[in-house]
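# An overview of the molecular structure
Now for the letters of each chain:
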Amino acid sequence: MDRATTAHGLFEAALDLPPEQRAAFLDSACGDDRDLRREVESLLRFLDDAHTDDLFPPLIRDARAPLVLGEQIGPYRVIRELGAGGMGVVFLAEREDVGKQVALKLVREGGLASADRVRRFLLERRVLARLEHPNIARLLDAGVTELRVPYLVMEYVEGTPVDRYCDDHKLPVSERLDLFRTVCQTVHYAHQSLVVHRDLKPSNILVTTDGQVKLLDFGIAKLLADHSSPGLTEPRTGLLMLTPEYASPEQVRGEPVTTASDVYSLGIVLYQLLTGARPYLLASRTPAEVERVVSETTPDRPSAAIVGGDVAASRGTTSERLQRRLRGDLDTIVLKALSKEPGRRYLSAAQLSDDLRRHLDRLPVLARKDTAAYRTGKFLRRHWIGVGAAALVLISLLAGIAATVWQAQRAEAQRTVAEERFRDVRSLATTVLFEIHDAVADLPGATRARALLMRRGLEYLNRLSSQSHGDPGLQGEIAQAYIRLGTAQGNPTSANLGDLTAARVSLTKALMLSSALVKDDSTNLTARRSLGLAHEKLGDVKAWTGDVSGAVADARAALRQWEYLARAQPASPGARLAVAISTTKLGDLLGHPAFPNLGDRAGAELQYRRTLALLDAPSLDSVAERRRRRHIALSHERLGMMLKLDGRYDEALSALERSLALREELSREDLTTADATRDVAVSRENLCQVYMARQDVTSASRECAKALELYRGLHAADPGNAQGFTDLAVAESEVADVLEARGLWMAALVGLSRSTSLLEEFLTANPGNFPAERQLARNLLHASSLHARLAGSGRSADRVLHREEARRLYDRGSRALSESLAKGPTTEDEADESLARDAARLVAQATSTGATKAR
């Protein structure tokens, strides 16, 4: 970046600060670069000393003047005016070199009459630059005109204000709520990006011809937790910087503004969408009148605000039906959003959206604390004479239609019972699938219980699915359940039952369900999480069944989903951690020797280093921080094994020892978690391998023995866990390697025999398990070479027996390896074929020696 660009960036940042804070900011930002500091300070002095007429000549000061139309602003030609706001006028413009129409925002007359307004215009540019969302009009360009006036270029949205769109299309209440929920989710995204809009109103919420919501005009937005906020607080005369009809009480009083202010404005928009009116009217727009009305007037319930038939007709119903539709849940939801005190409103726009979803799904809503019985009692105490008279009339009418009412009540009762049963069964299923499953998932011995919970819970959910009529919430729960079931059935990277075929079927179902949900609603973050997990877990299964290229494709697809979620939730530590985990998994499949991989060792090391960079910042959330520390340990372990492959043994040992230290610390914090114990075992196993590569057999023996002890304990605690079977089998074979290096061939054979017995037992119950078949082939070939050595040595008590056993095991091992290679080649093939050649050579030598002595 050149000096001019750096100076311009620091100049903009300094503008966002009150004058008294700028010197300290420049001390920190410029350091010892005095020339850079002088350049920034000269720009600030120019702005402070300049006259308004010098900065903003008459041509631009009156942005409505016809003279502006047709002018060239940078590469853009102004076509016509689109609209005007408190500080700027927006024009339709065209970039002629690409033929693209855009919305170009210039300063309104007097709109930038002070340095404070300059900061506000620059703040709007910063706000738009940090927001990337399909439902927010994007910032495309920004610059300064020849007359030194800043301008913004935004995506041009051809749309209709949301209230007019709903009325023009005569949308019923449910479709209005669905559209409004998209608005809430978009505002929630802005809040997560630390941006408060502060001017939410129908004219800033457009709906395109294809029904897509677009949020516009962040001209008076506020950045939370930003130095710019103190410098942009309006004085009490600042009502021109907001729209009084949609402003919150704290806004009109000039108090600090938070995300709760946007929730209040959303409440007014929702009120208008449902009733066709605003909750209160302003007799004048004087500050005193605005503050009095907004702060003190209690709005009518939406159901009571329906007057005449035109509003109901625009919603495809009658006034009476519309009032009934709004009465109850929707009345309470809207009034909670419109609470005068910020603390009594919804905590977020997402919570408001979720309460509307619960209402649409006929579930209890969070807002219903003031019960219907309480409101009815109040009404009766106020109007007991009129209600009594009405009751007498009603009783006389009911006498003539008693039978009809009885039948209707019976049908309604049956419907209510059916709905309650549906909700109860769904609640039970999700409790079993998620809460109980997650509570036992890390406990030793829980693998079979997890699979059983998944199967039973899925039976319930699949039955409910046939009655859900395309309920996306239920479909999402089913997708998540299939992911958990597939993981328990056969995901080789965690505790599982070893059934890779069943796991692939379950995970493919999860992938199809979550893909469909994302296709229907690309902003559905829950569905995107399920899609990322389904790709990730399916990639694990594909890799261990021989489809490494397919696994890498799934890993990349998963990473794209996690990166999307991290952009949508920039403040979420869980979202950042998910990107780091996915990056590690991609590295495993590219070139880690412990996994089926493509042989790209450099690519694997790059992904692991990226992971460590992603995990650099600690999290304030204790659960997320523990997961972050665990994954840092994993990344050092992965990196250590890649360094070992390159022969960089000292660096490898350093990385693995850091991994072990962190894992032992985590294990001490939670002694009941099987995964923490296994992590320690893996680190010791890898240290054993590096010591063996350095020919330090003593150290290798120590680490292998400790790893073996841990694996034996895990297997004894959870004998149904396929991962525990294969972990123990591999550990026994690695101990055999160490014993062979020490010249203890018979002891090594005993270890290989234990490993082989474990694998044969496991494959009897789980035929076709690719990792187990490959390890069994290696064991047989290794054992055959040891028998051949014993047959050819003078230490053997029975050379003939060893020769025959060497030949028998070699024949079995070579057949098993051939079958395994046919099912799915991996980059370990070269090492396996080398093992087969060495075994064949030793067996041939032993057989030849035996034949010669026999002659």
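Scoring rules and cut-offs
Residues numbered from 1 in each chain as written. Predicted model: local features only at pLDDT ≥ 70, side-chain atom pairs only at ≥ 80, totals over all residues. Heavy atoms only, no water. pLDDT = per-residue confidence, 0-100. Helix = DSSP H or I, 4+ residues; strand = E, 2+ residues; numbered from the N terminus. Contact = heavy atoms within 4.5 Å. Core = buried A, V, L, I, M, F, W, Y, C linked by side-chain atoms within 4.5 Å. Buried < 20%, exposed > 50% of the residue type's maximum accessible area, 1.4 Å probe, protein only. Axes fitted to C-alpha atoms, helices over the stretch in contact; angles between N-to-C directions. Parallel < 35°, antiparallel > 145°, perpendicular 65-115°, else oblique. Left-handed = near helix turned anticlockwise from the far one by under 90°. Nonpolar A, V, L, I, M, F, W, Y, C, P; charged D, E, K, R; others polar. Salt bridge = Lys/Arg side-chain N within 4 Å of Asp/Glu carboxyl O. Phe/Tyr/Trp six-rings, centres within 6.5 Å; stacked < 30°, edge-to-face > 60°. Lys NZ or Arg CZ within 6 Å of the ring centre and 35° of its normal.

## A few points about the confidence of the model for the chain
For the chain, the average pLDDT comes to 78, and 74% of its residues sit at 70 or higher. Per-element confidence in the chain ranges from a low mean pLDDT of 37 for helix α5 (residues 58-61) to a high of 94 for strand β9 (residues 205-208). Throughout residues 109-114 the model reports pLDDT below 50, and contacts reaching past four residues in sequence, or to other chains, amount to 14 contacts. The model gives residues 397-405 a pLDDT under 50, and that stretch makes one contact with residues more than four places away or in other chains.

## Considering the nonpolar core
Ranked by internal contacts, the top residues of the largest apolar core, which has 81 residues, are W562, L586, L589, L687, Y711 and L786. With nine residues, helix α31 (residues 722-741) is the largest single contributor of residues to this core. Filtering out sequence-adjacent residues up to four positions away, L589 remains in contact with A543, V548, A551, V552, A555, P596, N597 and L598. Core analysis: the second largest hydrophobic core is formed by 61 residues, C184, I205, V293 and L330 among them.

## Looking at the side chain of T611
Structurally, the position occupied by T611 is in helix α26 (residues 601-614). Setting aside chain neighbours within four positions, we find T611 in contact with A580, T583, T584, H631 and S635.

## Concerning helix α12 (residues 287-296)
Inspection of α12 places E289, V290, V293, V294 and S295 among the buried residues, and these make up the whole buried set. Against the buried residues of α12 lie α10 (249-252) and α11 (259-275).

## Re the packing of helix α27 (residues 622-645) against helix α28 (residues 649-669)
One can describe the packing of α27 onto α28 by two numbers: an axis separation of 8 Å at closest approach and a directional angle of 155°. Relative to α28, α27 is oriented roughly antiparallel. The crossing of α27 and α28 is left-handed. Contact with α27, carried on its side by R626, R629, R630, I632, A633, L634, H636, E637, G640, M641, L643 and K644, involves Y649, E651, A652, A655, L656, R658, S659, L662, R663, E665, L666 and E669 of α28 and no other residues of that element. Of the residues assigned to the contact of α27 with α28, the class counts are eleven nonpolar, three polar and ten charged.

## Concerning the pattern of salt bridges
On inspection of all chains with the given rule, the structure shows 38 salt bridges. Across the pair R344 and E341 runs a salt bridge whose closest N-O atoms are separated by 3.6 Å. Taking the relative accessible area as the measure of exposure, E341 reaches 47% and is therefore partly exposed. Here D646 and R601 are joined by a salt bridge, their closest N and O atoms 2.8 Å apart. Here R601 lies in helix α26 and D646 lies in the loop between α27 and α28, a separation of 45 residues in the sequence. Accessibility expressed as a relative area gives 37% for R601, which makes it partly exposed. Look at the salt bridges and you will find they share partners, linking D588, E637, R638 and R663 into a network.

## Quick notes on the packing of aromatic side chains
Enumeration according to the criterion identifies two aromatic pairs in this entry. Between F725 and F762 the ring centres are 5.5 Å apart and the planes differ by 35°, which places this aromatic pair in the tilted class. Here the residue F725 occupies a position in helix α31, and F762 occupies one in helix α32 (residues 745-765), the gap between them amounting to 37 residues. Accessibility assignment for this pair places F725 and F762 in one class, buried. The ring of Y564 has R528 lying over it, and the distance from NZ or CZ to the ring centre is 3.7 Å.

## Regarding unusual backbone geometry
Positive phi outside glycine occurs at K170, with the angle close to 50°. You will see that R362, though not glycine, has its phi angle at about 65°, which is positive. Locating R362 in the fold gives a position in the loop between α16 (349-360) and α17 (372-382). The exposure class assigned to R362 is exposed, which follows from its relative accessible area of 55%.

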